Structure formats: structure tokens, C-alpha cells
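Topology and contacts: notes
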There are 2 protein chains.
Amino acid sequence: MTPPDQALRADAKRNRDRIVQVAREALRTTGDVSLNAIAKTAGVGSGTLYRHFANRDALLIEVYREEIRDLVDQVAPLLAEHPPLVATRMWFEALAEAMKTKQGLGDALTGSTKQTVTSESYGPVVGAIRALLDAGEATGEVRPGLDVDDVLLLLGALWRVPPGAEGDEQGERLMSLILRSIAA
Amino acid sequence: MTPPDQALRADAKRNRDRIVQVAREALRTTGDVSLNAIAKTAGVGSGTLYRHFANRDALLIEVYREEIRDLVDQVAPLLAEHPPLVATRMWFEALAEAMKTKQGLGDALTGSTKQTVTSESYGPVVGAIRALLDAGEATGEVRPGLDVDDVLLLLGALWRVPPGAEGDEQGERLMSLILRSIAA
DNA sequence: ACCTGAACACCGTTCAAGT
DNA sequence: ACCTGAACACCGTTCAAGT
């Protein structure tokens, strides 16, 4: 696993960037792209891909790093402009929407690979949820003592709704159920 | 896809049973067993496995058919002996426990392969949940108008808790959250 | 220091050939 | 009617050989 920027030889950095770019492009349409295929499209040897990314999840995280950061950065402005529970609902919706398009990231976040992911994406997302819950606790809208991992696990239901016309309604119903469960 | 019992040639039935038995055995310890490996251990050609089971999910369903039936059959006695919400909690716990050991079945139940599964396992499980919710509705303990698929999707959180010592506590916390969300 | 790409040990799936 | 098992088109991953 090479770091994103620091101290990479020029060709190494170029390869790394190409891999991420190709992967991002490929993942936009479907989740099942082989790492070999990504390497080939990026014009690098498969070993090069593995030199930069220890496994599929590591590549996923890198591909979506900025999107996750943008999402997490939304928490503060949302909390500034809305009551905690409203901000929470809005952010949860944004998270669910993001996870539905970003193939495999949701599982990487909730899944057993949590360790690898920790500092990169899991951490920030957990931090975002924590901030929302704390704000709700402070105003008494959210029941105190909630575990962030519990909430994250529940939220998984949101990005597992089958896609389609009825999916939106189911998403809204689930959101209500989840909010009810965490409300004071 | 051959049916389980009817009108199978003797050797065909023998092969089918062997495959299911070997698969059940293998799945007891781990979820990642290849279909080829199952066929080999069962002493049949890989084509034979595919003749009997169109895909992995079909085999999974068959392997766990009886366990699912037993689970579903528990609903009536539970409802007879406990208040609806208590019965619901107990059955949800049993379901979660079953899904944690029965590798891959949970995803097959909630996942996108829902169609294939419908009549076999998804149907009965949904029926069981429906019965529990209806009983709770009748006594006013459960809020009316709940969607079974919504509840099933929420329950998914229960069998996604990472295994380990803290897993039990997280399971209990999640159960409370879910019950709170469906209570009147 | 980094890259290449053949090679390894697998997958799931198919299908000609057999009985 | 059913079975076999080689064969196909892939996987993820490794590692000698190169620059």
C-alpha cells in the first residue's frame, strides 16, 4: 500500500492516479469489475495495482475518499441551519443515496473489513453520525447513550432497498422507522 | 432444477440428496465453499450439481429448507404463550441466531435474488413476520400498517453484527431499537 | 524503487460424450 | 433421463525478471 501523495516516484504516482481514475469510472456503472480488468484498462501490470492497493476495499476507499469527505463536511452546515433531528434525517438521506451509487462501499463500511477501512472512511462517517447524535442529545430530541455502530448498522437497511419505483417509498418508510428508534 | 422428491430416477435422487447433505455439512463451518468442491466431495460431476440446482442460492435454500420451516412453525406456539411483542422479540432473536450460522441465507432472503427465493423461504419468513405484526396490531402493541419487507430489512442489522464478545450486547441494543421503531 | 506480465490455483458454468 | 469431467473464460494474487 503506497500513500496517496508523498514521496512517490513520478511514474509510480502516475500509475496510482491512473488506477484510481479508471476504477472510479468503471464503478460508476457497475460493481463487478475485476481488479485485473482495471489494471489492464489503466495500462499497468496487475502487480502494480497490488503494490498500490492491498485489496479491493483499499481501492474502493481511495476511489470514494473525496466523496466521503464532502459528505462528512456537510454535517456542520446542516446542523447550523436545521434542528438536529431534521439535519440528521437530511444527512442520513444523503448517506443512503451515496451508498446506493457507490457500489460495495456500504458493505466495506459496515462489513467485517472494518479494520482496514477505519481511518480512511469508517472513521469520518462514524464521526459525522456521532456529531448528529450529540446535537440531538443536547436538545433532548435524541435519546442519550446511543452507540454509533448500532445506528450505522440500522442505516444499512436504507441502501439495501431494492432499486426501482417503489424503492423511494420504502426508503422513506425505513427512514421514519429508524428515526423513531433513535428519537427520545 | 429438479424437484426434491417427485419422479426422480433412483440415481438422480441419490445424487441430489448427497449434494444437499455435503453442502449442509460444509456450510456448517464456513460460507465460502465452491460449488465445484461440493460436487467433488459429493462424488458427482459438476454438471450434475447444476442439473439439480440452478445456482448457489437454490442450493442454499434447499439446504436450509427444514430449519426455516421449523423456525416458522415456532410462531404459533410463541404467540399462544406470550404477549405479541414478547413473542416477536423471541422469534426475531431466533431468526437472527439462525441467520448468523446459516451462511449467506440472510443475504439470499433480503437480497436482490428475492424472486428466486420467494416461494421457498422468503415467503414463509415473510408470513411469519406478518403473523407477529398482526397479532401486535390486534392488541394495540404494534403500530398498524407496517410493511413486512421494511421490518425484514431492519432485522438484517441483527445478523450483521460482527461476531465476538461484544456482539451479544450490540444485538440486544439493536433489538431494542428495532422493537421501539415498530411499537405503537 | 518500481513495473511487467506470465503463472498459479482457483472460480462458476457449459456441453460433448457416454450409460 | 441422467451423469461425467474436460474445457472455457474468467478470478485474485504472486513473483521472477526486467529497467
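Report on the accompanying structure. Not measured: the values here are computed from a predicted model.

So, on to the packing of helix H10 (residues 167-182) of chain A against helix H10 (residues 167-182) of chain B. Their axes nearest at 8 Å, the elements H10 of chain A and H10 of chain B cross at an angle of 115°. Between H10 of chain A and H10 of chain B, the angle is such that the two are roughly perpendicular. Note on packing geometry: the crossing formed by H10 of chain A with H10 of chain B is right-handed. Here H10 of chain A contributes Leu177, Arg180 and Ser181 of chain A to the contact with H10 of chain B, which in turn contributes Leu177, Arg180 and Ser181 of chain B. Broken down by class, the residue content of the contact of H10 of chain A with H10 of chain B amounts to two nonpolar, two polar and two charged.

Next up on the list: the side chain of Thr88 of chain B. Residue and element names in this part refer to chain B. If you trace the backbone, Thr88 turns up in helix H6 (residues 84-101). Within polar-contact distance, the side chain of Thr88 engages the backbone oxygen of Pro84 at 2.7 Å. Those residues in contact with Thr88, other than ones at most four positions away along the chain, are Leu132, Leu179 and Ile182.

Bringing the packing of helix H4 (residues 56-73) of chain B against H6 of chain B into the picture now. Between two packed helices, the angle of one axis relative to the other and the distance separating the axes together describe the packing. Residues and elements named next belong to chain B. Where H4 contacts H6, the two axes come as close as 11 Å, and the packing angle between them is 170°. Classed by the angle they form, the pair H4 and H6 counts as roughly antiparallel. On H6, the residues touching Tyr64, Ile68, Leu71 and Val72 of H4 are Trp91, Ala94, Leu95, Ala98, Met99 and Thr101. In terms of residue class, the contact of H4 with H6 is built from nine nonpolar, one polar and no charged.

Reading guide: rules and limits
Residues numbered from 1 in each chain as written. Chains lettered and ligands numbered in written order. Predicted model: local features only at pLDDT ≥ 70, side-chain atom pairs only at ≥ 80, totals over all residues. Heavy atoms only, no water. Axes fitted to C-alpha atoms, helices over the stretch in contact; angles between N-to-C directions. Helix = DSSP H or I, 4+ residues; strand = E, 2+ residues; numbered from the N terminus. Parallel < 35°, antiparallel > 145°, perpendicular 65-115°, else oblique. Left-handed = near helix turned anticlockwise from the far one by under 90°. Contact = heavy atoms within 4.5 Å. Nonpolar A, V, L, I, M, F, W, Y, C, P; charged D, E, K, R; others polar. Polar contact = N/O pair within 3.5 Å; in protein donor to acceptor, adjacent residues only side chain to side chain.

Geometric values such as these leave the question of function open.
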